[in-house]
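Chain and residue survey
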Amino acid sequence: MAGPRHDDVSGSDRPPPPGANEQSAAEAPVGPLSYGRFGGPPTSDLPPGAPPLAHWIDARLPVLSYLRREYVEYPTPRNLNHLWNFGAFITVTLVLMILTGLFLALNYEPSVAGAFASVEAIDRQLPSGWLLRSIHMAGATLFFAALYVHIFRSLYYGSYKRPRELLWLTGMLLMFMVMATAFFGYVLPWGQMSFWGASVIVSAVSAVPLLGHALAALLQGGAILGDVAIHRFFVLHFLLGFAIAGVVGLHVLALHVTGSNNPAGIEARGPGDTLPFHPYYTSKDGLGLVVFLLIYAALVFFAPGWLTEADNYLPADPAVTPAEIRPEWYFSPFFAILRAVPSRSGGVLLAGLSVLLLCLMPWLDRSPVRSARYRPVYRPMVIVLAMAFLTLLAAGLHPPNGIWLLLSRIAAGCWFGFFVLLPFVHRIETPRTLPGQLAVADPA
Ligand code: HEM
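Residues numbered from 1 in each chain as written. Predicted model: local features only at pLDDT ≥ 70, side-chain atom pairs only at ≥ 80, totals over all residues.

As recorded in an unreviewed UniProt entry, the chain goes by Cytochrome b and comes from Rhizosaccharibacter radicis. According to the UniProt record, the Function (unreviewed entry) comment for the chain is "Component of the ubiquinol-cytochrome c reductase complex (complex III or cytochrome b-c1 complex), which is a respiratory chain that generates an electrochemical potential coupled to ATP synthesis." The record held by UniProt for the chain lists under Sequence similarities (unreviewed entry) the comment "Belongs to the cytochrome b family." (UniProt positions renumbered as here; feature names shortened; annotations may be inferred.)

Take a look at the structure:
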């Protein structure tokens, strides 16, 4: 894959002297001319045709050959469909969120007295402040939408299975971090929903058996939600954005160890089964990104208020409870589970468990076949799981009574039933015949 290493001192293609690499550190010549790790000249892994400056840089800091290996030559299964675009969508949204967030942070004031007014000033007085805020807010919605598709894609095609367990677990860690970041961020404008949403969450945290009260006190930093809490939430929100970017690096690193899974769920068996990432998947991701960014722009420019709660444009007032306290849509499925249970601590436990169970997927599913395409029992189960998720999402946005309460209980039953039945599915399932190689697999 990588070309021969090149001596870059003279810029020529002269190979290193025979035996240079076997030379031990102890024998290496010491002096002003010995600068490679083993005393030889620094070398570059770039192909001979690359510009001399690129060789010069790569010999000292091999990022160019790394990028070439991992994002140009990187062998990618030839049958990936557009559901494999979503990782790129989330990554681009993350970059936009961090950039816009940095500018928002420069103008935000983390205090009870100043938070609401500083956000209003960003919207109304800061040049293009409304645009920055709108990109940041629409980004949160699109981030979660893309994340949920990304997760269900991985569930459907069995991407969590051996040898991708750590890839899956880094993904789950990202999901927890993203949820925490979104919660902290939502509190920052200190509007009515920010305040009352935070109150609900802090009281839910305090209902966690044993640790609850200590955790809630740590979050809140005092007897009431006030200056200390806003300050903590601001610092955590800021910090987590960068921490997420770091964990995404680990996630993609883990992905590049095993390579991508694919709709057939079998490993690529040779060069005929793969294509170089560039230009094939850079263009496929690029095309998907154009559509994704058009939707993003439509939300930012034509419907900035569509995804926000009117109540959050009223300053927080601890004396006036809003008629209905609802979380953002992306927390709604877990909120619905929380409310489906009559006991408060039982609801909190089940809502937490509903996400935690996902972490166990690589060990709960014992079938040797990955893709749901070839699994006649798993396939309907994972479709029901997705439908249960959407039903819970809708139920969480409605008052918890009548039909919505019933639906949320049925959907919660389906959600947990999936994880209870999963370890036994391989015993009754006869998978369809798998293709021998990707080149002859069904079209994606
Ligand atoms: C900040 C959030 C995340 C980012 C930026 C991210 C990014 C990516 C990227 C760029 C890829 C490669 C392209 C693709 O397969 O779509 C990928 C693959 C993958 N991600 Fe994520 N991801 C995130 C969260 C998650 C979560 C929450 C999970 C699930 C728990 C997850 C599980 C996976 C798996 C299993 C793959 C490999 C898929 C395959 O090869 O079939 N990711 N991710």
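This next bit is on the overall build of the chain. Secondary structure summary: the chain contains 15 helices and four strands in total. Referenced to the eigenvectors of the C-alpha coordinate spread, the extents of the chain come out at roughly 80 × 60 × 45 Å. Put simply, the chain has 444 residues, and 34% of those count as buried. Sequence separation of 24 or more characterises 76% of the internal contacts of the chain that already satisfy a separation of 6 or more. (Helix = DSSP H or I, 4+ residues; strand = E, 2+ residues; numbered from the N terminus. Buried ≥ 20, exposed ≤ 12 C-beta atoms within 10 Å, placed from the backbone. Contact = placed C-beta atoms within 7 Å.)

Take the UniProt feature "domain: Cytochrome b/b6 C-terminal region profile" (unreviewed entry) in the chain next. Per the UniProt record, the feature "domain: Cytochrome b/b6 C-terminal region profile" (unreviewed entry) sits at residues 267–436. For residues 267–436, the helix share is 59%, the strand share is 2%, and the end-to-end C-alpha distance is 10 Å.

It is worth spelling out the site of the ligand at this point. What surrounds the ligand is a group of 29 residues, the closest being Gly 87, Ser 159, Gly 171, Ser 260 and Asn 261. Secondary structure elements with two or more residues in the shell around the ligand: helix H3 (86–107), helix H5 (129–156), helix H6 (165–187) and helix H9 (227–258). When residues in the shell around the ligand are grouped by element, the largest group, seven residues, is from H6. Of the residues assigned to the shell around the ligand, the class counts are 19 nonpolar, nine polar and one charged. (Near = placed C-beta within 6 Å. Nonpolar A, V, L, I, M, F, W, Y, C, P; charged D, E, K, R; others polar.)

For the rest of this paragraph, the subject is the UniProt feature "domain: Cytochrome b/b6 N-terminal region profile" (unreviewed entry) in the chain. Under the present numbering, the feature "domain: Cytochrome b/b6 N-terminal region profile" (unreviewed entry) in UniProt falls on residues 53–264. When the span residues 53–264 is considered, its composition is 75% helix and 1% strand, and the gap between its end C-alpha atoms is 43 Å.

Attention shifts here to unusual backbone geometry. Glycine aside, the phi torsion of most residues is negative, and most peptide linkages are trans. Of note, the bond from Arg 162 into Pro 163 is cis; its omega dihedral lies within 30 degrees of zero at 5°. Here Pro 163 lies in the loop between H5 and H6. Following His 278, the chain continues into Pro 279 via a peptide bond in cis, with omega recorded as 10°. Within the secondary structure, Pro 279 sits in helix H10 (residues 277–302). Of note in the backbone geometry, Trp 190 takes a positive phi value of approximately 55° without being a glycine. Structurally, Trp 190 can be placed in the loop between H6 and helix H7 (192–206). Trp 190 sits in the buried class, given 25 other C-beta atoms within 10 Å. Even without being glycine, Leu 210 reaches a positive phi, approximately 65°.

In this section: the environment of Leu 236. Among the secondary structure elements, Leu 236 is positioned in helix H9. For Leu 236, a count of 17 C-beta atoms within 10 Å corresponds to the partly exposed category. Between the C-alpha atoms of Leu 236 and His 251, which are 15 residues apart in sequence, the distance is 21 Å.

With that settled, the discussion passes to H10. Compared with an ideal rise of 1.5 Å per residue, which puts 26 residues at 38 Å, H10 spans 35 Å between its outermost C-alpha atoms and is within 8% of the ideal. Residues Phe 277, Tyr 281, Asp 285, Phe 292, Tyr 296 and Val 300 constitute the buried set of H10. Of the surrounding elements, those touching the buried residues of H10 are helix H2 (63–73), strand S3 (75–77), H3, H5 and strand S4 (274–276). (Expected span 1.5 Å × (residues − 1).)

Here we take up the packing of H7 against helix H8 (residues 212–220). Contact geometry for H7 and H8: axes closest at 7 Å, N-to-C directions at 150°. Between H7, through Val 202, Val 205 and Ser 206, and H8, the contact on the second element is made entirely by Gly 212, His 213, Leu 215, Ala 216, Leu 219 and Gln 220. Residues belonging to the contact of H7 with H8 are distributed by class as follows: five nonpolar, four polar and no charged. (Axes fitted to C-alpha atoms, helices over the stretch in contact; angles between N-to-C directions.)

Let us look at the nonpolar core. Counting 49 residues, the largest nonpolar core has Phe 143 and Trp 190 as the members making the most contacts within it. Contributing elements (two or more residues each) for this core: H3, helix H4 (115–124), H5, H6, H7, H9 and H10. Looking at which element gives the most residues to this core, the answer is H5, with 12 residues. Sequence-distant contacts of Phe 143, that is, excluding residues within four places in its chain, are made with Ile 90, Thr 93, Met 97 and Val 178. Judged by nonpolar contacts, the second largest core, of 16 residues, contains Phe 334, Ile 337, Ala 412 and Trp 415. (Core = buried A, V, L, I, M, F, W, Y, C linked by C-beta atoms within 7 Å.)

Time to look at the environment of Thr 308. For Thr 308, the location among the structural elements is in the loop between H10 and helix H11 (332–340). Along the sequence, Thr 308 and Pro 399 sit 91 residues apart, while their C-alpha atoms lie 18 Å from each other.

Bringing the environment of Asp 285 into the picture now. The residue Asp 285 is located in helix H10 in this model. Owing to 22 C-beta atoms within 10 Å, Asp 285 belongs among the buried residues under this scheme. Separated by 196 residues in the primary sequence, Asp 285 and Phe 89 have C-alpha atoms spaced 8.3 Å apart. Not counting chain neighbours up to four residues away, the residues in contact with Asp 285 comprise Asn 85 and Ala 88.

Another aspect to go through is the packing of H5 against H10. Closest axis-to-axis distance for the H5/H10 pair is 9 Å, and the angle between their directions is 130°. Accordingly, the angle class assigned to the pair H5 and H10 is oblique. Here H5 runs over H10; the crossing is right-handed. Contact residues: Ser 134, Ile 135, Ala 138 and Leu 142 in H5; Tyr 296, Leu 299 and Val 300 in H10. Each residue belonging to the contact of H5 with H10 can be placed in one class, and the counts come to six nonpolar, one polar and no charged. (Parallel < 35°, antiparallel > 145°, perpendicular 65-115°, else oblique. Left-handed = near helix turned anticlockwise from the far one by under 90°.)

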